[in-house]
Amino acid sequence: MNAEPSATGLWAAIPWLVLFAFYGLPLLHVALSRRGGGWRPPAGSRCPFGPRAGWLVMVLMLGPVGWLMFAVRRPRPASNRQTAR
(Lines give C-alpha, C1' and ligand atoms only; values in the text may rest on other atoms or scores of the structure.)
Protein backbone atom coordinates (compact mmCIF):
# COMPACT_ATOMS: atom_id res chain seq x y z
CA MET A 1 0.00 0.00 0.00
CA ASN A 2 2.39 2.65 -1.15
CA ALA A 3 0.72 5.96 -1.89
CA GLU A 4 1.91 8.36 -4.50
CA PRO A 5 4.24 11.06 -3.11
CA SER A 6 2.02 13.91 -4.35
CA ALA A 7 -1.04 12.46 -2.62
CA THR A 8 0.90 12.02 0.62
CA GLY A 9 1.91 15.69 0.58
CA LEU A 10 -1.70 16.76 0.13
CA TRP A 11 -2.87 14.67 3.09
CA ALA A 12 -0.06 16.11 5.23
CA ALA A 13 -1.16 19.67 4.41
CA ILE A 14 -4.78 19.22 5.53
CA PRO A 15 -4.14 19.67 9.30
CA TRP A 16 -2.23 22.89 8.61
CA LEU A 17 -5.06 24.17 6.43
CA VAL A 18 -7.58 23.39 9.17
CA LEU A 19 -5.48 25.22 11.78
CA PHE A 20 -5.10 28.21 9.51
CA ALA A 21 -8.80 28.29 8.61
CA PHE A 22 -10.17 27.86 12.16
CA TYR A 23 -7.56 29.81 14.13
CA GLY A 24 -5.41 31.93 11.83
CA LEU A 25 -8.15 33.62 9.82
CA PRO A 26 -10.34 34.47 12.84
CA LEU A 27 -7.32 35.91 14.69
CA LEU A 28 -6.45 37.97 11.65
CA HIS A 29 -10.04 39.18 11.34
CA VAL A 30 -10.20 40.31 14.97
CA ALA A 31 -6.79 41.99 14.77
CA LEU A 32 -7.68 43.98 11.64
CA SER A 33 -11.39 44.67 12.19
CA ARG A 34 -12.55 48.19 12.98
CA ARG A 35 -15.14 46.78 15.39
CA GLY A 36 -12.48 45.20 17.61
CA GLY A 37 -12.08 48.20 19.87
CA GLY A 38 -8.87 49.91 20.87
CA TRP A 39 -5.55 48.36 21.75
CA ARG A 40 -5.27 50.47 24.90
CA PRO A 41 -7.57 50.12 27.89
CA PRO A 42 -10.26 52.74 28.46
CA ALA A 43 -9.44 55.61 30.78
CA GLY A 44 -9.94 54.67 34.42
CA SER A 45 -9.75 50.94 33.76
CA ARG A 46 -7.62 48.79 36.06
CA CYS A 47 -7.11 46.14 33.37
CA PRO A 48 -3.80 46.50 31.49
CA PHE A 49 -5.27 45.22 28.21
CA GLY A 50 -7.58 46.90 25.74
CA PRO A 51 -10.74 45.40 24.28
CA ARG A 52 -9.01 44.17 21.11
CA ALA A 53 -6.40 42.23 23.10
CA GLY A 54 -9.22 40.65 25.10
CA TRP A 55 -10.99 39.56 21.93
CA LEU A 56 -7.74 38.13 20.56
CA VAL A 57 -7.27 36.06 23.72
CA MET A 58 -10.85 34.82 23.53
CA VAL A 59 -10.46 33.79 19.89
CA LEU A 60 -7.12 32.17 20.64
CA MET A 61 -8.53 30.13 23.53
CA LEU A 62 -11.99 29.34 22.15
CA GLY A 63 -11.17 29.16 18.45
CA PRO A 64 -14.17 29.37 16.14
CA VAL A 65 -16.57 29.79 19.08
CA GLY A 66 -14.68 32.90 20.25
CA TRP A 67 -14.72 34.28 16.73
CA LEU A 68 -18.48 33.71 16.49
CA MET A 69 -18.89 35.58 19.78
CA PHE A 70 -16.94 38.48 18.26
CA ALA A 71 -18.83 38.36 14.98
CA VAL A 72 -22.36 38.37 16.44
CA ARG A 73 -21.80 40.76 19.33
CA ARG A 74 -23.88 43.87 19.37
CA PRO A 75 -22.26 47.15 20.34
CA ARG A 76 -23.70 48.86 23.37
CA PRO A 77 -25.69 51.98 22.55
CA ALA A 78 -24.16 55.20 23.81
CA SER A 79 -25.69 56.32 27.06
CA ASN A 80 -26.85 59.94 26.95
CA ARG A 81 -28.08 59.98 30.53
CA GLN A 82 -26.75 62.56 32.94
CA THR A 83 -25.19 61.25 36.13
CA ALA A 84 -27.03 62.09 39.37
CA ARG A 85 -25.43 64.91 41.35
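None of the values given here were measured: they were computed from a predicted structure.

Looking at the packing of helix H2 (residues 51–62) against helix H3 (residues 64–72)
Then comes step 1: In the contact formed by H2 and H3, the axes pass within 5 Å of each other and the chain directions differ by 145°. When H2 is examined against H3, the residues Trp 55, Met 58, Val 59 and Leu 62 are found in contact with a partner set consisting of Pro 64, Val 65, Gly 66, Trp 67, Met 69 and Phe 70.

Overview of the UniProt feature "transmembrane region" (unreviewed entry) in the chain
Then comes step 1: Per the UniProt entry, the sites bearing "transmembrane region" (unreviewed entry) are residues 12–32 and 53–72 in this numbering.
Then comes step 2: Helix makes up 100% of residues 12–32 and strand makes up 0%, while its end C-alpha atoms are separated by 30 Å.
Then comes step 3: Between the C-alpha atoms that bound residues 53–72 there is a distance of 18 Å. The span itself is 95% helix and 0% strand.

Considering the environment of Ala 53
Then comes step 1: The residue Ala 53 is located in helix H2 in this model.
Then comes step 2: Taking the C-alpha atoms as reference, Ala 53 lies 6.3 Å from Trp 39; in sequence the two are 14 residues apart.

Comments concerning the packing of aromatic side chains
Then comes step 1: Counted according to the given criterion, the structure contains one aromatic pair.
Then comes step 2: Seen in terms of ring centroids, Trp 55 and Phe 70 are 5.3 Å apart; in terms of plane orientation they differ by 70°. Their pairing is edge-to-face. Of this pair, Trp 55 sits in helix H2 while Phe 70 is found in helix H3, placing the two residues 15 residues apart along the sequence. Both residues of the pair, Trp 55 and Phe 70, belong to the buried class.
Then comes step 3: For Arg 35, the ring lying beneath its charged end belongs to Phe 70, and the centroid distance is 6.0 Å.

What about the nonpolar core?
Then comes step 1: Listed in full, the five residues of the largest apolar core are Val 30, Trp 55, Leu 56, Val 59 and Phe 70.
Then comes step 2: Tallying contributions element by element places H2 first for this core, with three residues.
Then comes step 3: Ignoring any residue separated from it by four or fewer positions in sequence, one finds Leu 56 in contact with Leu 27, Val 30, Ala 31 and Trp 39.

What counts and how
- Residues numbered from 1 in each chain as written.
- Predicted model: local features only at pLDDT ≥ 70, side-chain atom pairs only at ≥ 80, totals over all residues.
- Heavy atoms only, no water.
- Axes fitted to C-alpha atoms, helices over the stretch in contact; angles between N-to-C directions.
- Helix = DSSP H or I, 4+ residues; strand = E, 2+ residues; numbered from the N terminus.
- Contact = heavy atoms within 4.5 Å.
- UniProt positions renumbered as here; feature names shortened; annotations may be inferred.
- Phe/Tyr/Trp six-rings, centres within 6.5 Å; stacked < 30°, edge-to-face > 60°.
- Buried < 20%, exposed > 50% of the residue type's maximum accessible area, 1.4 Å probe, protein only.
- Lys NZ or Arg CZ within 6 Å of the ring centre and 35° of its normal.
- Core = buried A, V, L, I, M, F, W, Y, C linked by side-chain atoms within 4.5 Å.

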